[in-house]
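# Observations on the model geometry
The lines below spell out each chain.
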Amino acid sequence: MFKGSMPALVTPFKDGAVDFATLKQLVDWQIEQGTHGLVPVGTTGESPTLTHAEHEQVIEAVVEAAAGRVPVIAGAGSNNTDEAIRLSVHAKSVGADGVLIVTPYYNKPTQAGMIAHFKAIHDAAQLPIVIYNIPGRSAVDMTPATMGELAKLPHIVGVKDATGDLARVNAQRITCGKDFIQLSGEDGTAHGFNAQGGRGMISVTANVAPALCAQMQEACLAGDYAKALELQDRLMPLHQAIFLEPGLCGVKYAMSRLGLCENSVRLPLLPVTEPVQERIDAGLRHAGLLN
């Protein structure tokens, strides 16, 4: 269902507003470059600073532009269960193929609270759900045992795992089953994640290097980890540089260097600083994307 390289798609801005013309161009370019799926309006899509109307409009625009060529997993997470339900129902109504739901941040629910949260969304949305487990941002960590309970629900199909703990892949294979779709949420460990049983990556770097990221994931899916490692070696300095400051800021700068979108983010985030720009430029050159 979901596999390979899927960018956590940025939301381009122009004069402070969502640049829908550029967004649609990015969707076409991503698909032409070999991307296997699109994930709009996650954290990299600046969901925290989009209005609810903008959030819904971005999902609609991406689904329309993708036109069924690749699956679209819409960001629909919230620490308010009712809001996550509303966003998920909207995503289904406009034709999204699935939703990405982050563990509830800030209010720190128990494991039982997370089960209740995801079950309520599952029952209301009736759409494939990918759990997003990112303890560093949400301040809660869904355990493999909890994930195993949720995996019993028919529409909870996978996880975007951003724990950085490669042993989790094996632990979750035991609790969730081998058919549960495990996607890496951390570019730097994507190769190792797949070797442990992962099936792909929801990637920040794929916004600017979609062909290389897609080729790396395809090599992993084909079991050619030597080729995949060569590609990961080309990408690694870029992965590292993009995340020296918030990743979406780094990747928007990188994209601006290739003329893909403006280097514009919304407060409280700022464009990356000059030393980071230099590191990103070096990473782009190492990957063969910039002269």
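Structural data are supplied above this passage.
Right, let's walk through the structure included here. Computed from a predicted model, the values in this text were never measured in an experiment.

Turning our attention to the nonpolar core. Burial of nonpolar side chains together is a common tendency in soluble globular proteins. The biggest cluster of nonpolar side chains holds 44 residues, and the ones touching the most others in it are Val27, Val62, Val99, Phe118, Ile131 and Ile156. Broken down by secondary-structure element, the contributors of at least two residues to this core are helix H1 (20–32), helix H2 (52–66), helix H3 (81–93), strand E6 (98–102), helix H4 (111–125), strand E7 (129–133), helix H6 (144–150) and strand E8 (156–161). For Val27, the contacting residues outside a window of four places in its chain are Leu9, Leu38, Val62, Ala65, Ala66 and Arg69.

Another point: the pattern of salt bridges. In the structure shown here, the tally under the stated rule is nine salt bridges. Put simply, Asp141 and Arg168 hold a salt bridge, and the shortest N to O gap is 2.4 Å. Of this pair, Asp141 sits in the loop between helix H5 (135–138) and H6 while Arg168 sits in helix H7 (residues 167–176), and the two are 27 residues apart along the sequence. A residue is classified by how much of its surface remains accessible, and Asp141, at 28% relative accessible area, is partly exposed. With relative accessibility at 12%, the residue Arg168 sits in the buried group.

Before going further, it helps to examine the sheet that holds strand E9 (residues 181–184). With respect to topology, eight strands assemble into an open sheet ordered E4-E1-E10-E9-E8-E7-E6-E5, the strand pairing being parallel. A single partner strand is all that each edge strand has here, and the edge strands are strand E4 (39–40) and strand E5 (73–75). The pairing of E8 with E9 spans four bridges and is classified as parallel. The residue of E9 that forms the bridge with Val159 is Gln182. Here H4 sits on the sheet and contacts E6, E7 and E8; the angle it forms with E6, its principal contact strand, is near 160 degrees. Each of E7, E8 and E9 touches H7; the most contacted strand, E9, lies at about 165 degrees to it.

Calculation criteria
Residues numbered from 1 in each chain as written. Predicted model: local features only at pLDDT ≥ 70, side-chain atom pairs only at ≥ 80, totals over all residues. Heavy atoms only, no water. Core = buried A, V, L, I, M, F, W, Y, C linked by side-chain atoms within 4.5 Å. Buried < 20%, exposed > 50% of the residue type's maximum accessible area, 1.4 Å probe, protein only. Helix = DSSP H or I, 4+ residues; strand = E, 2+ residues; numbered from the N terminus. Contact = heavy atoms within 4.5 Å. Salt bridge = Lys/Arg side-chain N within 4 Å of Asp/Glu carboxyl O. Pairing = 2+ DSSP bridges. Axes fitted to C-alpha atoms, helices over the stretch in contact; angles between N-to-C directions.

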